[in-house]
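# Structural features, examined
In case you want the letters, here they are:
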Amino acid sequence: MRTKSLLSGATMLVAGLAFAAPALAQEADPKPFDGLYVGGTVGFDAQPNDVGSSILFDRNRDGNFNELVTTAAGANAFAPTAAQPGAGFCNGRATSTGALTGCTNDKDNISYSGRVGFDKQYGHFVIGVVGEFGKSQVRDSVSGFSTTPASYVMTRKVDFDANARLRAGYAFDKTLFYATGGGAYAKTKSSFATSNTANAFADNGSRHDAWGFVAGGGIEQKLGRHFSIGLEYLYNQYKDDEYRVRVTQGTAPATNPFVLAPNTGGTDFKRSDDKFRWHSVRATANFRF
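Residues numbered from 1 in each chain as written. Predicted model: local features only at pLDDT ≥ 70, side-chain atom pairs only at ≥ 80, totals over all residues. Heavy atoms only, no water.

## Focus: the packing of aromatic side chains
Under the definition given, this model contains 23 aromatic pairs. Considering the side-chain rings of F287 and F289, the 5.4 Å spacing of their centres and the 85° angle between planes classify their relative orientation as edge-to-face. With relative accessibility at 59%, the residue F289 sits in the exposed group. Through successive ring pairs, a cluster of aromatic residues spans F57, F78, F89, Y152, F192, F201, F258 and F269. Here the basic side chain of K222 rests over the ring of F33, its NZ or CZ set 5.9 Å away from the ring centre. (Phe/Tyr/Trp six-rings, centres within 6.5 Å; stacked < 30°, edge-to-face > 60°. Buried < 20%, exposed > 50% of the residue type's maximum accessible area, 1.4 Å probe, protein only. Lys NZ or Arg CZ within 6 Å of the ring centre and 35° of its normal.)

Right, here's the structure in full:
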């Protein structure tokens, strides 16, 4: 997606910060990165390209999503045919009922967070901990197109996220370069949409817990004794594998692929990609006590 341009722009901004020499930074401060601080971030999040993502099916509802949805004639209901060459899957949101060409990319967007941390400086070396609570506006979809034709879209986004990280760095006077990483939690919100009006669909709840990690690095520039600004990059990854959708007969005939005998009770859906991932490049501002 736009990850390369994001990182290129971040590199230029880091260089600018590193060579900045603000007048406010001239007062004596032997340990500029020592002690408690609070602050916030605002930035832009971009998702990696999840090529190959699809929807998996559990026809007999035994918990194993390794079965094909087939027609009464035994054909794969989600494979291209001469009559419906657009059947299959795409790693985005469907904008048409039955064509892979009608599929948009995942949505990259802004993020923001509040933070509190504590550092200890030993000469040039700085070690510390930081905790954050915030929100990313990214949205990740995957779509399936059946030979009916019909579209099926599973989408997830972030309600809120939080992390607790270690960070360690090296300070050149009032400029700190650091690496950081730690555990993370997100409350995800999932949804389902379809152009199929014959079957009935129900999910297992839209909000789920996702656990993972964040890791990256950044630069922090002190401006006076108490205030600092910076630029930070984080890679975010969460395991998000709880959302399910069950399709039952509804008004469809008994020959409908989702309820075809002997599995007449319906079919369960889930996403093939259980990792929710994105890159974050954000500006930071901290107040040190």
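This is not the end of the story, as more comes after the structure.
## Details of a nonpolar patch on the surface
Taken together, L36, V38, V116, F118, V129, L166, F287 and F289 make up a surface patch of nonpolar side chains, about 730 Å² in accessible area. Of all elements in the fold, only β1 (35-46) and β6 (109-122) reach the threshold of two or more residues within the nonpolar patch. Along the polypeptide, V116 turns up in strand β6. (Patch = residues over 30% accessible without salt bridge, like charges linked within 9 Å, V, L, I, M, F, W, Y side chains within 5 Å. Areas by Shrake-Rupley, 256 points an atom, 1.4 Å probe, with all protein chains shown as cover. Salt bridge = Lys/Arg side-chain N within 4 Å of Asp/Glu carboxyl O. Helix = DSSP H or I, 4+ residues; strand = E, 2+ residues; numbered from the N terminus.)

## Considerations on the nonpolar core
Core analysis: the largest hydrophobic core is formed by 14 residues, its most contacted members being I55, F57, F78, Y152, M154, F258 and F269. Elements that contribute at least two residues to this core include exactly β2 (55-58), β9 (150-172) and β14 (245-248). If one sorts the elements of this core by residue count, β9 sits on top with 3 residues. Grouped together as the second largest cluster of nonpolar side chains are 9 residues, A210, V214, Y238 and F276 included. (Core = buried A, V, L, I, M, F, W, Y, C linked by side-chain atoms within 4.5 Å.)

## Remarks on the confidence of the model for the chain
Reading predicted coordinates in detail is not appropriate for stretches of low pLDDT. With 89% of its residues at a pLDDT of at least 70, the chain reaches an overall mean of 90. Across residues 17-26, confidence stays below pLDDT 50; counting only partners more than four residues off in sequence or on other chains, it has 17 contacts. (pLDDT = per-residue confidence, 0-100. Contact = heavy atoms within 4.5 Å.)

## Quick word on unusual backbone geometry
Omega for the bond connecting T148 with P149 falls within 30 degrees of zero, at 5°, which places this linkage in the cis form. Relative to the helices and strands, P149 is located in the loop between β8 (139-146) and β9. With an omega of 10°, the peptide bond between A261 and P262 qualifies as cis. Note on placement: P262 falls in the loop between β14 and β15 (267-271). Despite not being glycine, R61 has its phi angle at roughly 55°, a positive value. Mapping R61 onto the fold places it in the loop between β2 and β3 (88-90). By relative accessible area, which is 33% here, R61 ends up partly exposed. The phi torsion at D173 lies on the positive side, around 55°, for a residue other than glycine.

## Examining the pattern of salt bridges
Considering all chains together, one arrives at 21 salt bridges under this definition. With a closest N to O distance of 3.2 Å, R156 and D273 form a salt bridge. Of this pair, R156 sits in strand β9 while D273 is found in the loop between β15 and β16 (275-288), placing the two residues 117 residues apart along the sequence. Ionic pairing is found between K187 and D209, a salt bridge with its closest N-O pair at 2.7 Å. Within this pair, whereas K187 is found in strand β10 (residues 175-194), its partner D209 is found in strand β12 (residues 207-223), the two being separated by 22 residues in sequence. A relative accessible area of 32% means that D209 is categorised as partly exposed. Counted as one network, the salt bridges with shared partners bring together R115, E132, R165, E232 and R282.

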